[in-house]
Amino acid sequence: MTEARRHRRHIDRHGRGMLGPISRPSKFAPRGLPLQRSAAAQFDEVVAIEVTRLEKRLPQVVARVEFAIEDVPNLDLDATEIPLTHATGGTSHEPYRIIVFRRPIELRAERSGATLAWLVRSALVLELADVLALSPEQIDPDFDTDDD
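Residues numbered from 1 in each chain as written. Predicted model: local features only at pLDDT ≥ 70, side-chain atom pairs only at ≥ 80, totals over all residues. Heavy atoms only, no water.

An unreviewed UniProt entry annotates the protein as Metallopeptidase family protein of Kribbella hippodromi.

In structure tokens, the structure reads:
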């Protein structure tokens, strides 16, 4: 019994998940409702917040663009840079589509929520500016390329 408890504390202490009665379904956490969100779910929320923020600022511009999230880009073997975003479309038959790549942004974010939000925001603003042939400041007046 002591071995099992020691092992259980070890797993919890290193953040590998919750064990015990609190992690089981209850009135506080009904079945199907996770107690912790995955990294992908957190990233999706950050992207949704930033897209909503841009949509409030420029509704007619963002309405012409679809946004998608993929884990990693599909790269050629001779690629020298890993992109954070990719844009496609923009023809008379299909709208622009901006794809945000989760893992490259997360790896650059240094595990900080503010840095992650800043990187997502910067990547979206730069890609929108490129796609729509506008300056980043026209997309987001608060945009500053010198922020690190």
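Next comes the rest of the account.
A. Fine view of the overall build of the protein. Assigned secondary structure in the protein consists of six helices and three strands. The secondary structure elements of the protein, listed N-terminal to C-terminal, are α-α-α-β-β-β-α-α-α. Within the span of the protein, comprising 148 residues, buried residues form 28% of the whole. Nonlocal contacts in the protein, meaning residues at least 24 apart in sequence, comprise 53% of its contacts between residues at least 6 apart. Approximately 10,600 Å² of the protein is accessible, and the part contributed by carbon and sulfur atoms is 51%. (Helix = DSSP H or I, 4+ residues; strand = E, 2+ residues; numbered from the N terminus. Buried < 20%, exposed > 50% of the residue type's maximum accessible area, 1.4 Å probe, protein only. Contact = heavy atoms within 4.5 Å. Areas by Shrake-Rupley, 256 points an atom, 1.4 Å probe, with all protein chains shown as cover.)

B. Fine view of the environment of Ala 117. Structurally, the position occupied by Ala 117 is in helix H5 (residues 113–132). If we ignore the near neighbours within four places in the chain, the residues touching Ala 117 are Val 46 and Glu 50.

C. Just the side chain of Glu 127, in detail. Looking at the secondary structure, you find Glu 127 in helix H5. Nearest to the buried, unbridged Glu 127 among oppositely charged side chains is Arg 108, at 12 Å. (Lys, Arg positive; Asp, Glu negative; His and termini not counted. Salt bridge = Lys/Arg side-chain N within 4 Å of Asp/Glu carboxyl O.)

D. A look at the pattern of salt bridges. Summed over the entire model, instances satisfying the criterion amount to eight salt bridges. A salt bridge links Arg 53 to Asp 140; its shortest N-O distance comes to 3.2 Å. Of the two residues, Arg 53 is situated in helix H2 (residues 39–57) and Asp 140 in the segment after helix H6 (136–139); the sequence distance between them amounts to 87 residues. Since its relative accessible area comes to 0%, Asp 140 is described here as buried. We note a salt bridge from Arg 57 to Asp 140, for which the minimum N-O separation is 2.8 Å.

E. View of the nonpolar core. Val 120 and Ile 139 are the most contacted members of the largest nonpolar core, which has 24 residues in total. Those elements that place two or more of their residues in this core are H2, helix H3 (59–62), strand E3 (96–101) and H5. Excluding its chain neighbours within four sequence positions, the residues that come into contact with Val 120 are Phe 43, Val 46, Val 47, Glu 50 and Ile 105. (Core = buried A, V, L, I, M, F, W, Y, C linked by side-chain atoms within 4.5 Å.)

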